[in-house]
Amino acid sequence: MDELIKLSDATLDQLSIEHPRYDRTTLTAGIVHIGVGNFHRAHQAWYLHRLMQAGKAHDWAIIGAGVRPYDAAMREKLLAQDCLTTLIALDPDDISAEVIGPMIDYLPIADGNSTLIAAMADPSIRIVALTVTESGYYIDPVSKGFDVAHPDIVHDAANPTTPRTAFGAMVMALRARRAGGHGAFTGLSCDNLQGNGNILRQTVVSLARMSDPELADWIEEQATFPNSMVDCIAPATGPKEVTLARSFGIDDAAPVTHETYRQWVIEDRFCVGRPDWDEVGATFSDDVHAYETMKIRILNAGHQILANAGEILGLATISECMAHPAIRAMFHKVQAEEIIPTVASVPDMAPLAYLELIEERFANPRIIDTTRRVAFDGSARHTGFVLPILQDQLAAGGSFAGLALVEAFWARMCEGSREDGTLIEPNDPIWEELNAVAHAAKARPRAWLEQTRIYGDLVKSVPFRDAFEHWLSVIWSEGCEIALHSYAEDKAQSEKPLKTG
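Caption draft 1: Representation of the packing of aromatic side chains in the model. Under the counting rule described, the total for this entry stands at 11 aromatic pairs. For the ring pair Trp264 and Trp277, a centre distance of 4.6 Å and an interplane angle of 45° mean the geometry is tilted. Taken as a pair, Trp264 in strand β12 (residues 263-266) and Trp277 in the loop between β12 and β13 (283-284) lie far apart in primary sequence, 13 residues in all. Accessibility assignment for this pair places Trp264 and Trp277 in one class, buried. The lysine or arginine in question, Arg126, covers the ring of Trp60, its NZ or CZ lying 3.9 Å from the ring centre. Over the face of the ring belonging to Tyr487 we find Lys333, whose NZ or CZ atom lies 4.3 Å from the ring centre.

Caption draft 2: A look at the nonpolar core. If you look at the biggest cluster of nonpolar residues, it comprises 89 residues, and the most contacted ones within it are Ile298, Met330, Phe362, Phe409 and Trp448. Broken down by element, this core gets its largest block of residues, 13 residues, from helix α10 (residues 288-312). For Ile298, the contacting residues outside a window of four places in its chain are Thr293, Gln335, Ile339, Ile340, Val343, Pro351, Tyr354, Leu355 and Ile358. Ala65, Ala119, Tyr137 and Val204 belong to the second-largest nonpolar core, a separate cluster that totals 44 residues.

Caption draft 3: Quick peek at unusual backbone geometry. With a phi close to 55°, Asn113 is a non-glycine residue in the positive phi region. Relative to the helices and strands, Asn113 resides in the loop between β6 (103-106) and α4 (114-121). Asn113 gets classed as buried once you look at its relative accessible area, which sits at 4%. At Tyr138, a position not held by glycine, the phi torsion is positive, near 55°. Residue position: Tyr138 is located in the loop between β7 (127-130) and α5 (151-158).

Caption draft 4: Here's a closer look at the pattern of salt bridges. In this structure the tally under the stated criterion is 25 salt bridges. Among the salt bridges present, the one from Asp59 reaches Arg126, with a minimum N-O distance of 3.6 Å. With Asp59 in the loop between α2 (44-53) and β3 (61-65) and Arg126 in the loop between α4 and β7, this residue pair connects regions lying 67 residues apart in the sequence. Under the relative-accessibility criterion, Asp59 is labelled partly exposed at 36%. Of the charged contacts, one joins Arg164 and Asp152 as a salt bridge, the two residues approaching to 3.5 Å between their closest N and O atoms. Taken as a pair, Arg164 in the loop between α5 and α6 (166-179) and Asp152 in helix α5 lie far apart in primary sequence, 12 residues in all. Here Arg164 falls in the partly exposed class, since its relative accessible area comes to 39%. A relative accessible area of 13% means that Asp152 is categorised as buried.

Caption draft 5: How the structure looks around the packing of α10 against helix α13 (residues 351-362). Packing of α10 against α13 leaves a shortest axis separation of 10 Å and a crossing angle of 40°. In terms of orientation, α10 lies oblique with respect to α13. Considering only the axes of α10 and α13, their crossing is right-handed. Residues Met294, Lys295, Ile298, Leu299, Gly302, His303 and Leu306 of α10 form the contact with α13, whose own contacting residues are Pro351, Tyr354, Leu355, Ile358, Arg361 and Phe362. Grouping the amino acids of the contact of α10 with α13 by side-chain chemistry returns 9 nonpolar, 2 polar and 2 charged.

Caption draft 6: Here's a closer look at α13. The end-to-end C-alpha distance of α13 is 16 Å, a good match for the 16 Å that 12 residues give at a rise of 1.5 Å each. Of the residues making up α13, those classed as buried are Pro351, Tyr354, Leu355, Leu357, Ile358, Glu359, Arg361 and Phe362. Packing partners of the buried residues in α13 comprise β9 (228-231), α10, α11 (318-323) and α12 (325-339).

Caption draft 7: Geometry of the sheet that holds strand β8 (residues 186-189). With parallel pairing, 5 strands are arranged side by side in an open sheet as β6-β3-β2-β7-β8. Lying at the two open borders of the sheet, with one neighbouring strand each, are β6 and β8. For this sheet, the mean inter-axis angle between neighbouring strands, taken without regard to orientation, is 25°. Note: β3 against β6, 3 bridges, orientation parallel. Each bridged residue has a counterpart across the sheet, and for Ile62 the counterpart in β6 is Met103. In the packing of α6 onto the sheet, the strands contacted are β2 (29-34), β7 and β8, and the crossing angle to β7 comes to about 175°.

Caption draft 8: Spotlight on the environment of Arg21. Structurally, Arg21 can be placed in the loop between β1 (5-6) and β2. Judged by relative accessible area, which is 57%, Arg21 ranks as exposed. As for Arg21 and Ala54, which are separated by 33 residues in sequence, their C-alpha atoms are 9.0 Å apart.

Caption draft 9: A look at the packing of α4 against α6. Between α4 and α6, the shortest axis-to-axis distance is 8 Å and the interhelical angle comes to 45°. The pairing of α4 with α6 is recorded here as oblique in orientation. The two elements α4 and α6 meet at a crossing, and its hand is right-handed. Here Leu116, Ile117, Met120 and Ala121 of α4 come into contact with α6, specifically with Ala169, Met170, Met172, Ala173, Ala176 and Arg177. Among the residues making up the contact of α4 with α6, the classes are represented as 9 nonpolar, no polar and 1 charged.

The rules behind the values
- Residues numbered from 1 in each chain as written.
- Predicted model: local features only at pLDDT ≥ 70, side-chain atom pairs only at ≥ 80, totals over all residues.
- Heavy atoms only, no water.
- Phe/Tyr/Trp six-rings, centres within 6.5 Å; stacked < 30°, edge-to-face > 60°.
- Helix = DSSP H or I, 4+ residues; strand = E, 2+ residues; numbered from the N terminus.
- Buried < 20%, exposed > 50% of the residue type's maximum accessible area, 1.4 Å probe, protein only.
- Lys NZ or Arg CZ within 6 Å of the ring centre and 35° of its normal.
- Core = buried A, V, L, I, M, F, W, Y, C linked by side-chain atoms within 4.5 Å.
- Contact = heavy atoms within 4.5 Å.
- Salt bridge = Lys/Arg side-chain N within 4 Å of Asp/Glu carboxyl O.
- Axes fitted to C-alpha atoms, helices over the stretch in contact; angles between N-to-C directions.
- Parallel < 35°, antiparallel > 145°, perpendicular 65-115°, else oblique.
- Left-handed = near helix turned anticlockwise from the far one by under 90°.
- Nonpolar A, V, L, I, M, F, W, Y, C, P; charged D, E, K, R; others polar.
- Expected span 1.5 Å × (residues − 1).
- Pairing = 2+ DSSP bridges.

Put into structure tokens, the structure is as follows:
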């Protein structure tokens, strides 16, 4: 192999792959993005890069930011290569790469988030975007309201000038903008939450109201928080991904692999302008809810159908789960009988066609998306993705046996061991709590459903409770494979024609 090219502005012209044709020295910032992970760089940053390649949006460059100490390592890697990123597209039939450059800086992580506050207070910043995971918005899992009792929130309300959270920093920056006679910015959540803009508004306004009610009123009047739906699978980066970048002749400390599919649907509610993302493939729509319902229920809930069973059986990746005949059969049956009936069509896509697309994407063996990553934070993902479907099916008198099985697999996984005897490392912010209840549920399955912070009053639903207790007992007494085959062999529902909405 020829000598590797160290990724930097100075070496861009040496690259043989697609790379920025715009003059990065002339870019000016219009966006602060909090949470500069792989998904952001493969998704939102890519759309902006495409616009910049077309000679547009050069005043919308991104300043990266983080609020946790572990963000410092990513900052160091990206600054060392001028905030450039190698994106490696993993199509089942081909691998290609490009370098993108819409990010021009990465703020230092500081106690009290002073640098982040100062950046967001600058009136040239018109959008503050976030990818901070589904569980990062301080939502009470049962009431879905703002969690005023969380220690981080209590701290930020009592110490608004030195906040711990991204939202406390946003509140402080908005206070500075108001004091300086400037308008608000748009808050743009890019996380997998239904109504993510509404949730971001709830978090920011509620936190502001705890310390400054007048500021909260101003934010409600001046700022906008559009809902959005985002979709692109971008696995975590490890040594294999770094080596893959090197196969293209590039020395990149933080490359990103991703599938070739992308989707971004956004409400067009931006209080101080926006890039023309629709010119490069994004969709502006007044009905984001329909798109996000389809995606969250079929893709995100689908991930949870696969990952917990896969972890128990020692399957390392989502594509391996899809290659397991019994898990794939369960996946399709739960989707067809219990999820698709709750999903309506969107323009140019029916639920059944979307399911077929998801099955193809999940089965892509080039995408090394680990079951561990997908199973992470089940306490947020099951409450956000799976349980709303279950509640709808119960209310409609629909089938729920497969969803009960999915919840039983999660309870079994949280016991912390695989069927081959290997240990499952802690994989949830409340793992110790879940693990203790999972052990208790081996003898008394109902104990799992008595976690009201997760299940609310679902334990009172006798049919669901009975189905869950049956499946967890089968899993523990006879094993996952028996449970999977038993579910697949129940033809009563699966032979009915599908309703595609």
